[in-house]
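So the chains spell out like this:
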Amino acid sequence: MEKSMSNLRAVWRGVVTALSLLGVASGSLVAQTTTGTVRGTVTMEGAPVSDAQISARNTSSGALRGTLSREGGFYVLPGLVPGTYDMTVRRIGSGVQTRTVVVQIGATQVQDFALTPQATRLATVAVTAAPQVETRTSEIATNVTPAQIAKLPSPSRNFLDLAQLAPGVTVTEDRVDGNSRTVRAGGQAPAAMNLFIDGTSFKNDLTQGGIAGQDASRGNPFPRSAVQEYRVIAQNFKAEYQKAASAVIVANTKSGGNTWSGNALIGYQNKSFVGLDTFQRKDKVAKPDYNRTLSAISLGGPIIRDKLHFFGSYEGNQQNRANRVNFATPPAGFPALDSVNFPQYNGYFQSPFRENLLFGKLSDAINENSSAELSVSNRHETDIRDFGDKRSFASAVNLHNYNTVAQLKHNYFTGPWLNEAKIDYSKFHRGFSPNSPGLARRSYNFAGADNFIGAANSTQEFIQKRVGLRNDLTYTGFQLGGEHVFKGGFSFDHLIYDINKNNNGTPEFRYAQTANSGNGDQAFNFASPYFLVYGTGDPRLNTKNNEVGAYLQDDWSPVERLTLNLGVRWDYESNMLNTDYRTPRQYVDTLRRYNDSLLIPLDLNRYIATGNNRRNFKGAFQPRVGFSYALDKDNKTTFFGGWGLYYDRIPFDVAIDEKLKITHPDFFINFAPRGVTPKGTQVAFQDSYLTADKATLDAFARKSGFPEVWLIDNQYKVPKTTQWNVGVRQAFGQFAGALSYAAQRGVDQFTLSLADVGLKATGGCCTGFGPPGFLTANHGIQHVIFSTNDARSWYDAVSLQLDRPYSRPSLDRFGWGAGLTYTYAKRYLQGVDELGDTFAFPTTYTIPKHPSHDERHRVVGNWITDVPYLFGIQWSGLLTLGGKETLDVGCKRFCSNYTSNGFTVPGTFPYQNVDMRLRKDFPSFGRSATAIGITLDIFNALNHNNFGCYNTSIQTDKNFGVPGCVVTDARRYQIGAELNF
């Protein structure tokens, strides 16, 4: 055993040494702030003290950091792993001072020490109950604490749920039948967000979700039990953060300590715990089968005390639900429709969801000058879904997320220098495929809806693999006109994108009683389809991309109470949008010949790609400045503000169709009614097409169909925002208040438009729209779709925050914490109906500046209470109140009688949601630290109807403004048990 441990330590030391050499060789490179900083001054009888020894010892792991105060008494301890530290200050001829400080992720603690000229040890100043309030930052940032992660209610244990505690940040609701969990901030789309866990980016480069695995999943990106704490920076984040234009979330994982400890829990919910909403009660819907089991276990402790520590966790999320397929009774008098026998498809069918999350971490406190971490996480998730109501069980898709992240970090600190090196590997795999392949898809339009039988349309596999090298260099020893903390770096990420986008690979035949199939309205009577959509060819694309970033920033304190944050960042990508793509010759010739006949003629020099005329953007320079000024010596009242430029990126998925629509085109085929001679672009339907093999259907589609042409602007621009903010913070003991104004202006947002569709002279829709269309009739092209960067956004918000971090002095004392955030915001869009939408229909030019989902008022509150006198009950909760919201009216660009600015959702706070948790702890047994408790969670405890799906299509509609759904589930309960040891 001893020999095995010796070999293990030798291997580990070798890996750490290799990474150390990497850090030295790379010089000044980049890493993300998942650590905290303690800074301050040391004085004696009012005079600054130099050469005082300051040490900080992590009370959990025993890791030790130290530094000396400089001339002027100033000291800085950067790069501290978040946690509790015993800080000690010593100097010959003075007394020793010791205090306990809680370091938070991304936060700077100001700790001043006043020594006494006596060789006696002063009493320890303990602040172990809660983190000290941070006031000296120019960021609008909110720290989500370990207590909040552990104690606040969360329906699915997604740790990102609590990001909404930050002003201007919203999170997609957890629903029993929800399909995504995205986060958005500052009025921007989810794609503008970025998440860093232990410094590694979880950015989704390929699709619109922002955070990998969240755009089309009900699952979680990372085990909640492995997250120690995180920081949501909603405005004015520093130059060290990249690939985000709205906000960033920076999370730090747990590490093992010198004592073995762990946690195990289980939560359960079934259909009897879920109420019916108002629409379900009206329709007298029976509850379908449903149950969910959430489980988690974690363990951490020492392998070598004070040196090498381990932490590991597992979380499971198993859900079983039954979706109801409920086709309406088809209209009578149509024998062809009767032969389909829709009632045979009705019933309840199982929709299982399975997710397993794993995380493991080794932490090595090598010596007082260096440390290292090795961690691995894995997510394995499957979901049978997207069927029910008017979609048969055969229409289900099999969605999956297979994500793996591994990283190795090394920190070296000596004197005023701190070097942080990191190498990481990540593989994000998100995809879906038909759960019943081989069946043609048929759509029947009756009873006011499309009714689907047969297999799902498409197969998609998006795989993003990345190897990243980063290094951060911090220097705290420079003095010129005050104290400086310099930080700078460089990053290099090599990415491989492997995509299979077999959209419409299942042929879809559409049926109706009457339809326009390229020859005016005709009677089809469901006897034969009027239209076919079919995609065929090579759906694969494999390419590479290199992402490079560099930054330099200076936290400069020209006087003791003033800090200026000055920084600049630069980013570059070698292949964001198919740099070497060539537009096929046949489409170049057609476009050049008939461009003037398009409703929107294009500058073809910008839209025809030659393989060398699409330049990579090299101008992503992003200056970022901020300030904080304390009015008093104790930093109780602080003014702060900032301004900066922030570049995001364009998700790769929005551009690859310019190639895949050629190598794997979608063909659109118009059929004539059965027994009617085809006219124009119509062809005769044959029953054999429903069961034809792929080769036969491919030949037919290529002969009779009309593909689309997609064109990406060679002079594309990268989306960016300008952000600025100003505010004041006030500390009241353990309370902190903040009043701030924040603004974001988004420009160069990427959208797609139609060149062959436009508005009529009256402003109504549309010319050139619908089959056969100008291009289809004359040139064998269904549509010409082109990109622009014309969409813009405006966001202004005033927020008020009041927070008291949770603290409990002892197990027999009352403990509590609470926070409240109020935000008043306005949001406007131009050139797009909603940021993140692929299309601006019909073009960006037809969409004026308008309010869009600009929720004016939002209140988010949270509380945690421990009441030992009330039988050991703990009570915690999360309150969210959403104010009036302005929605687009769909016909406002197409209806001459529309005059208002939109539809305003009625009510002062039409959205109201209260989630609560009650926990009862039982007397401990065995070890005094062992505790077991049972929990009861109540979601939407007030059972409020949070309406959505408002009818905003036509203002003159009798049902205009009437809601069609709810956006939160009715009241739900969840029971559970938890063991801490």
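As shown above, the structure is provided for reference.
For clarity, every value in this text was computed on a predicted model and none was experimentally measured.

S.K.: Pulling in residues and values, what's your account of the overall build of the protein?
M.R.: Looking only at helices and strands, one finds nine helices and 55 strands in the protein. At 30 Å, the protein has a C-alpha radius of gyration in line with the 30 Å of a compact globule built from 981 residues. A principal-axis box enclosing the C-alpha atoms of the protein has dimensions of 105 × 65 × 65 Å. When the 981 residues of the protein are sorted by exposure, 57% land in the buried category.

S.K.: Outline the packing of aromatic side chains, listing residues and values.
M.R.: Summed over all chains, the structure comprises 42 aromatic pairs. A connected cluster of aromatic rings, assembled from ring pairs, spans Phe327, Phe342, Tyr345, Tyr444, Phe446 and Tyr511. The cationic tip of Arg729 hangs over the ring face of Phe640; the distance from NZ or CZ to the ring centre is 3.8 Å. The ring of Tyr828 is capped by Lys849, whose NZ or CZ atom sits 5.3 Å from the centre of that ring.

S.K.: Just give me the short version of the sheet that holds strand S15 (residues 200-201), but keep the residues and values in it.
M.R.: By definition, the strands of a sheet pair up through backbone hydrogen bonds, in either a parallel or an antiparallel sense. As summarised here, the arrangement of the five strands in space is S11-S16-S17-S14-S15, forming an open sheet in which the pairing is mixed. The sheet is open, and its two borders are formed by strand S11 (140-144) and S15, each paired with just one other strand. Pairing geometry for strand S16 (residues 227-235) and strand S17 (residues 248-253), over six bridges, is antiparallel. By the bridge assignment for S17, Arg231 is matched with Val250.

S.K.: Describe the pairing of strand S3 (residues 53-58), listing the residues and the values that go with them.
M.R.: Bridging between S3 and strand S4 (residues 64-68) involves five bridges; their strand directions are antiparallel. Along S4, the bridge assignment pairs Ser55 with Gly66. Where S3 folds back on S4, the antiparallel hairpin that results is connected by five residues, among which Gly62 adopts a positive phi of roughly 80°. Relative to strand S6 (residues 83-90), S3 is paired through six bridges, and the arrangement is antiparallel. Looking at S6, one finds that Ile54 is bridged to Val89.

S.K.: Summarise the side chain of Gln407; cite the residues concerned and give the values.
M.R.: Looking at the element boundaries, Gln407 is found in strand S23 (residues 397-414). In contact with Gln407, other than residues within four places in its own chain, are Ile197, Asp198, Thr200, Glu373, Leu374, Ser375, Lys422, Ile423 and Asp424.

S.K.: Account for the state of the cysteines, naming residues and giving values.
M.R.: According to the stated counting rule, one finds one disulfide in the structure shown. There is a disulfide in this structure between Cys949 and Cys965, and the S-S distance comes to 2.0 Å. Because the sign of the S-S torsion sets the handedness, a value of about 80° for the bond joining Cys949 and Cys965 places this disulfide among the right-handed ones. Here the residue Cys949 occupies a position in the loop between strand S53 (947-948) and strand S54 (965-966), and Cys965 occupies one in strand S54, the gap between them amounting to 16 residues.

S.K.: If you had to explain empty space enclosed by the protein to someone new, which residues and values would you point to?
M.R.: What the rule picks out here adds up to 16 cavities of 30 Å³ or more. By volume, the largest cavity amounts to about 520 Å³. Surrounding the largest cavity, 31 residues form its lining, Ala141, Thr142, Asn143, Gln801 and Asp803 being those nearest its centre. Only S11, strand S41 (735-754), strand S44 (784-807), strand S45 (815-830) and strand S47 (857-867) provide two or more residues apiece to the lining of the largest cavity. Residues of the lining of the largest cavity, tallied by class, amount to 12 nonpolar, 14 polar and five charged.

S.K.: Tell me what's going on with a nonpolar patch on the surface, and back it up with residues and numbers.
M.R.: A contiguous nonpolar surface patch, about 490 Å² in accessible area, is contributed by Tyr268, Trp875, Leu918, Leu936, Tyr973 and Ile975. Looking at the secondary structure, you find Leu936 in strand S52 (residues 931-939).

S.K.: Can you lay out the pairing of strand S20 (residues 308-325) for me, pointing to particular residues and giving the numbers?
M.R.: Within S20, 13 of the 18 residues are buried, which leaves it mostly tucked inside the rest of the structure. Of the pairings in the sheet, the one linking strand S19 (residues 290-304) to S20 comprises 14 bridges and is antiparallel in character. By the bridge assignment, Ile297 is partnered in S20 with Tyr314. Hairpin connection, S19 to S20: the antiparallel pair is bridged by three residues, and Asp306 has positive phi, about 65°.

S.K.: Provide a residue-level description of unusual backbone geometry, including the pertinent values.
M.R.: Excluding glycine, most residues fall at negative phi; most peptide bonds, likewise, are trans. Phe841 connects to Pro842 through a cis peptide bond whose omega is -15°. Among the secondary structure elements, Pro842 is positioned in the loop between S45 and strand S46 (850-851). Of note, the phi angle at Arg157 is positive, near 65°, even though the residue is not glycine. With respect to the helices and strands, the residue Arg157 is situated in the loop between helix H2 (146-151) and strand S12 (169-171). On the basis of relative accessibility, which here comes to 15%, the residue Arg157 falls in the buried class.

S.K.: Pulling in residues and values, what's your account of the sheet that holds strand S26 (residues 449-453)?
M.R.: If you trace the six strands from one edge of the open sheet to the other, you get S26-S25-S29-S32-S37-S38, paired in mixed fashion. The open sheet is flanked by S26 and strand S38 (682-683), the only strands paired with a single partner. Where strand S29 (residues 508-511) meets strand S32 (residues 531-535), three bridges bridge the pair, whose relative direction is antiparallel. Considered in S32, the bridge of Glu508 is made with Val533. The strands touched by helix H8 (residues 694-704) are S32, strand S37 (666-671) and S38; relative to S37, the strand with the most contacts, the crossing angle is about 75°.

S.K.: Can you lay out the pattern of salt bridges for me, pointing to particular residues and giving the numbers?
M.R.: In total, this model carries 51 salt bridges according to the counting rule given. The salt bridge partner of Asp969 is Arg972, with a shortest N-O separation of 3.7 Å. By relative accessible area, which is 11% here, Asp969 ends up buried. One connected set of salt bridges, linked through shared partners, spans Asp161, Asp174, Arg175, Arg181, Arg292, Asp969 and Arg972.

S.K.: Describe helix H5 (residues 585-594), and please don't skip the residues or the numbers.
M.R.: By the burial criterion, the buried members of H5 are Tyr587, Val588 and Leu591. The buried residues of H5 occupy one face: seen down the axis, they fall within an arc of 105°. Looking at H5, the residues exposed on the side facing more than 90 degrees away from the buried face are Arg585 and Arg593. Residues of H5 that are buried in the fold lie against helix H6 (604-607), helix H7 (657-663), strand S39 (709-711) and S44.

Cut-off values and rules
- Residues numbered from 1 in each chain as written.
- Predicted model: local features only at pLDDT ≥ 70, side-chain atom pairs only at ≥ 80, totals over all residues.
- Heavy atoms only, no water.
- Helix = DSSP H or I, 4+ residues; strand = E, 2+ residues; numbered from the N terminus.
- Rg over C-alpha atoms; globule rule 2.2 N^0.38 Å.
- Buried < 20%, exposed > 50% of the residue type's maximum accessible area, 1.4 Å probe, protein only.
- Phe/Tyr/Trp six-rings, centres within 6.5 Å; stacked < 30°, edge-to-face > 60°.
- Lys NZ or Arg CZ within 6 Å of the ring centre and 35° of its normal.
- Pairing = 2+ DSSP bridges.
- Contact = heavy atoms within 4.5 Å.
- Disulfide = S-S within 2.5 Å.
- 1 Å grid on protein atoms, 1.4 Å probe; cavity = no way out; pocket = protein on both sides within 12 Å on 5 of 7 lines; lining within 4 Å.
- Points joined across faces, edges and corners; volume = space filled by probe spheres on them.
- Nonpolar A, V, L, I, M, F, W, Y, C, P; charged D, E, K, R; others polar.
- Patch = residues over 30% accessible without salt bridge, like charges linked within 9 Å, V, L, I, M, F, W, Y side chains within 5 Å.
- Areas by Shrake-Rupley, 256 points an atom, 1.4 Å probe, with all protein chains shown as cover.
- Salt bridge = Lys/Arg side-chain N within 4 Å of Asp/Glu carboxyl O.
- Axes fitted to C-alpha atoms, helices over the stretch in contact; angles between N-to-C directions.
- Arc of directions from axis to C-beta.

Structural measurements only, silent on function.
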